[in-house]
There are 2 protein chains.
Amino acid sequence: MSLLKDYLGKFINFTPTLERVFFELCTIQEIPKKTHLFKSGDVCHHVHFIEKGFARVYYLLDGRDVTSWFAQEGQVMSAKDSLFTGKPSDYNIQLLEDSKVISINYRKLESKFDEYPALERAARLITIESYLQLDDRIKNILFYTPEERYLRLLENYPNITTRISLGYIASYLGITQETLSRVRARV
Amino acid sequence: MSLLKDYLGKFINFTPTLERVFFELCTIQEIPKKTHLFKSGDVCHHVHFIEKGFARVYYLLDGRDVTSWFAQEGQVMSAKDSLFTGKPSDYNIQLLEDSKVISINYRKLESKFDEYPALERAARLITIESYLQLDDRIKNILFYTPEERYLRLLENYPNITTRISLGYIASYLGITQETLSRVRARV
DNA sequence: TTAATTTTTTGATTTTGGTCAAAGGATTTT
DNA sequence: AAAATCCTTTGACCAAAATCAAAAAATTAA
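Remember, it's a predicted structure, so these values are computed and weren't measured experimentally.

A. Expanded view of the interface of chain B and chain A. Opposite the 31 residues of chain B that make contact, chain A presents 30 residues. Both faces considered, chain B and chain A share a buried interface measuring about 3,300 Å² in area, 66% of it formed by carbon and sulfur atoms. Contact with chain A buries surface across chain B, with B:R124, B:Y131 and B:F143 losing the most and accounting together for 22% of the total. On the surface where chain B and chain A come into contact, there are ten salt bridges. Among the salt bridges present, the one from B:K139 reaches A:D81, with a minimum N-O distance of 3.3 Å. Between the two partners, chain B and chain A, sit twelve residue pairs in polar contact (both at pLDDT 80 or more). Per-element tally for the side of chain B that touches chain A: the top contributor is helix α5 (residues 117-143) of chain B, with 17 residues. Class assignment for the residues of the side of chain B that touches chain A results in 16 nonpolar, four polar and eleven charged.

Laid out in structure tokens, this is it:
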């Protein structure tokens, strides 16, 4: 649990009570790679925190498999389009390595907000963090060439090339794997 | 003020006290077109609500002017990359029509959250709305062709072509204005 | 109303990245 | 260890959009 406590520490000052209330909403699991934590079309009720391992969010559009997000140790992920709306999601979540995952029941968390405003504050701040990540992603897509996008991804995930296969990285960058292979040959 | 009250009504149940506290943070102004509400490099402390008119968020990258967001009557806009971080923004905000703008002091708003959790809740829900808008924008860019993106934009802003010049729309769609002109000729 | 400016369209050409296909490596399974 | 599968690279060709340039249309200012 220690990575999760570190992560949340940026957003909340845990009292013993708050800590107990929060961690009662969590379940921890060891899950083998390739497992799907979530499938598109379902409604998402959980936020997943990666204690160990690597996961991706992706979607399928007329046969194409497009990765839209990665999460490694110390990061959260969810099908937020569904989590925030209660509607079925466009996204899937899949583990790319054997992982240790803490899943937080977001519906139960929401139900604590009236009693524990500190939890609602943490949720707000984490939503802001998610917003800023998306904003960065859009800047990347709109302002930079594929080569620049690849280099910037490597800054955020220095070891991604040893952990994640080329095709997933390419689709995250919005290019084909052939193009990424050529970019890589150049740099 | 009535558009703003309608907008906020989706996120908060105003008591007379809350309403007074909130609207004390607001200033309303009539501002001529082409005025900049905000310039990149500055730190943003306000959220702007468009009561009347049209505005865009854009940034400049080695000479290119790229529009990243539009807001018309009933919508909010801000340089959120700065608003949420306190760092200088990459974005500019400019009015494209003579407008009536309500500006909300976000720093003062934040300072009310401890005393009025309902305000923090509204802020959280509006942040979620912003997140979902960005998520939609990314899906648009990654999944659809320029022609499809244009048609989808028209669904959200049916009258945009009569109000906003082609170049701004093109850069929002991630294409050149020549390409948009040809797309338009086809449809 | 005319002149000036800005916006939009059209054309020719170039560039970038996509597609299709196949070969080479690496990893996993039997 | 061999076979099978999966992942990555390379090549030839193609398509979409960018770029450069200029003309036409619309808007604004004089």
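Next comes the rest of the description.
B. Expanded view of the relation of the copies chain B and chain A. Once chain B has been moved 0.0 Å along the axis and rotated by 179 degrees, it coincides with chain A to within an RMSD of 0.1 Å. Taken together, the rotation and translation relating the two chain copies correspond to the operation of a two-fold axis. Counting the interface residues of chain B, we find that 97% of their copies in chain A are interface residues as well, pointing to one common contact surface.

So, how was this worked out
Residues numbered from 1 in each chain as written. Chains lettered and ligands numbered in written order. Predicted model: local features only at pLDDT ≥ 70, side-chain atom pairs only at ≥ 80, totals over all residues. Heavy atoms only, no water. Contact = heavy atoms within 4.5 Å. Buried area = accessible area lost by both parts, 1.4 Å probe. Salt bridge = Lys/Arg side-chain N within 4 Å of Asp/Glu carboxyl O. Polar contact = N/O pair within 3.5 Å; in protein donor to acceptor, adjacent residues only side chain to side chain. Helix = DSSP H or I, 4+ residues; strand = E, 2+ residues; numbered from the N terminus. Nonpolar A, V, L, I, M, F, W, Y, C, P; charged D, E, K, R; others polar. Least-squares fit on C-alpha atoms with pLDDT ≥ 70 in both.

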